[in-house]
Amino acid sequence: MGNDQFDWVEEARDLSKAARSDAEFYEMAAEELLDPAHRLVVDFACGGGGMAIALAATARRRRQDVTVMGVDAHPEVYADAAGAHPDITFVEGTFETGATKLRQVIGSAPDLIWARGAVHHADDEQAALDTLAATLAPGGVLAIAEGGTTAAHLPAHLGIGEPGLHSRLNAATHRHARRKLSKLKPMPYGWGVGLRNAGLVETRTRNILVDKPAPLEGADLDFVIGKFAKQLGWAREFLDADDIAAWERLLDPDDTAWLGHRDDLFYLAAASIHIGEKPLEG
């Protein structure tokens, strides 16, 4: 998916953790997006299958007869979800093959396509939106979860390193991402415009607040610590030596400063969902 050279196979374990950590967000989104008339819904670029799991749970709770599918270019990333949720169909597919092939992989034209954090990895973002929109059934809905606010997890003063470690790590990560994505073709306009350019109507944006107060535990704590470790690996060259030394201590389970010992980690962010509908034929 795109030329950003992410190794999604190696990402499989982290994507499964992320799906568990973000379960509440997916449940809220599924509750709002699943329409009683929907019969086929797709979690596209599903990763650990978080949205597919939430859509299936919502359908069961409503006693709604709907087929839920997860689609990803790398079967390894959804292997755990497929084993744990036999009621969900997982298949290999990508928007890079075009709408006709994607419909064939799915088996029909879906009533809802959800894609979180996927389109910005495409070689051409607008072309990816065009493909997903063309794959929909008439009257179908495309929901793209992209953007929002940068998640906050830590107080500014940690008692180690200079204040603002988290914000400087985020800034360095953005520098890394800009370089990684420099060969891609991002849209020179917002997601709503992109959806309209793809022929969709009734476009709108829904912002969902993700608020998990301190202390984080279990999958949430594992996810945040793992996220910091991944960011440090990406952004190390853009950080000064003092910040790197502080992060290495914070991420070392054998160090007294390890983040896992703290009770003040939290998760606060607003996630943006951009929605458009395909016009009815005729």
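Residues numbered from 1 in each chain as written. Predicted model: local features only at pLDDT ≥ 70, side-chain atom pairs only at ≥ 80, totals over all residues. Heavy atoms only, no water.

A. The arrangement of the side chain of serine 272 in detail. Its location among the elements puts serine 272 in strand β7 (residues 267-277). Assessed through its relative accessible area of 10%, serine 272 is described here as buried. Polar contacts involving the side chain of serine 272 include one to the side chain of asparagine 207, which spans 2.6 Å. (Helix = DSSP H or I, 4+ residues; strand = E, 2+ residues; numbered from the N terminus. Buried < 20%, exposed > 50% of the residue type's maximum accessible area, 1.4 Å probe, protein only. Polar contact = N/O pair within 3.5 Å; in protein donor to acceptor, adjacent residues only side chain to side chain.)

B. Molecular detail of helix α10 (residues 241-250). Listed as buried for α10 are Asp243, Ile244, Ala246, Trp247 and Leu250. The buried side chains of α10 occupy one side of the element, clustering within an arc of 165° when seen end-on. α10 presents Ala241 and Asp242 as exposed residues on the side facing more than 90 degrees away from its buried surface. Buried residues along α10 sit against α7 (165-180) and α9 (218-235). N-cap assignment for α10: the residue whose side-chain oxygen lies 3.2 Å from the backbone N of aspartate 242 is aspartate 240. (Arc of directions from axis to C-beta. Contact = heavy atoms within 4.5 Å.)

C. Broad picture of the pairing of strand β5 (residues 141-148). With 6 of its 8 residues buried, β5 lies for the most part within the structure. Direction of pairing for strand β4 (residues 112-116) relative to β5: parallel, over a ladder of 5 bridges. Within β5, the position partnered with tryptophan 114 by the bridge is alanine 143. Since β4 and β5 lie parallel, the crossover through helix α6 (residues 125-135) that links them has a hand, and here it is right-handed. Summarising the sheet, β5 and β7 pair through 6 bridges and their orientation is antiparallel. Of the residues in β7, the one forming a bridge with leucine 142 is glycine 276. (Pairing = 2+ DSSP bridges. Right-handed = clockwise from strand over helix to strand, strands pointing away.)

D. Up close: the environment of glycine 164. Here glycine 164 lies in the loop between β5 and α7. Exposure remark for glycine 164: the relative accessible area of 18% places this residue in the buried category. It is 9.2 Å that separates the C-alpha atoms of glycine 164 and leucine 154, two residues lying 10 residues apart in sequence.

E. Quick peek at the pattern of salt bridges. Summed over all chains, the structure comprises 12 salt bridges. Between arginine 206 and glutamate 32 there is a salt bridge, with its nearest N and O atoms 2.5 Å apart. In this pair, arginine 206 is assigned in strand β6 (residues 201-212) and glutamate 32 in helix α2 (residues 23-33), connecting sequence segments 174 residues apart. Residue classification places glutamate 32 among the partly exposed positions, given a relative accessible area of 45%. Salt-bridge contacts for lysine 185 lead to aspartate 124; the nearest nitrogen and oxygen are separated by 3.6 Å. (Salt bridge = Lys/Arg side-chain N within 4 Å of Asp/Glu carboxyl O.)

F. Spotlight on the packing of helix α1 (residues 12-21) against α9. Look at α1 against α9: their axes get within 9 Å of each other, and the N-to-C directions meet at 135°. As judged from the angle between their axes, α1 and α9 are oblique. Of the two elements, α1 crosses α9, and the hand of that crossing is left-handed. Residues Asp14, Ala18, Arg20 and Ser21 of α1 lie in contact with α9, whose contacting residues are Ala219, Asp220, Phe223 and Lys230. Considering only residue class, the contact of α1 with α9 consists of 3 nonpolar, 1 polar and 4 charged. (Axes fitted to C-alpha atoms, helices over the stretch in contact; angles between N-to-C directions. Parallel < 35°, antiparallel > 145°, perpendicular 65-115°, else oblique. Left-handed = near helix turned anticlockwise from the far one by under 90°. Nonpolar A, V, L, I, M, F, W, Y, C, P; charged D, E, K, R; others polar.)

G. Expanded view of the packing of aromatic side chains. Tallying each qualifying case throughout the model produces 6 aromatic pairs. Ring centres of phenylalanine 25 and tryptophan 114 lie 6.1 Å apart, and the angle between their planes is 55°; on these two criteria the pair is classed as tilted. Taken together, the residues span a long stretch of sequence, with phenylalanine 25 in helix α2 and tryptophan 114 in strand β4 at a distance of 89 residues. Residue phenylalanine 25 is classed as buried on the basis of its relative accessible area, which comes to 3%. For tryptophan 114, a relative accessible area of 1% gives the class buried. Site record: aromatic cluster; members linked through ring pairs are Phe25, Tyr26 and Trp114. Just above the ring of tyrosine 267 sits the side chain of lysine 212; from NZ or CZ to the centre is 5.9 Å. (Phe/Tyr/Trp six-rings, centres within 6.5 Å; stacked < 30°, edge-to-face > 60°. Lys NZ or Arg CZ within 6 Å of the ring centre and 35° of its normal.)

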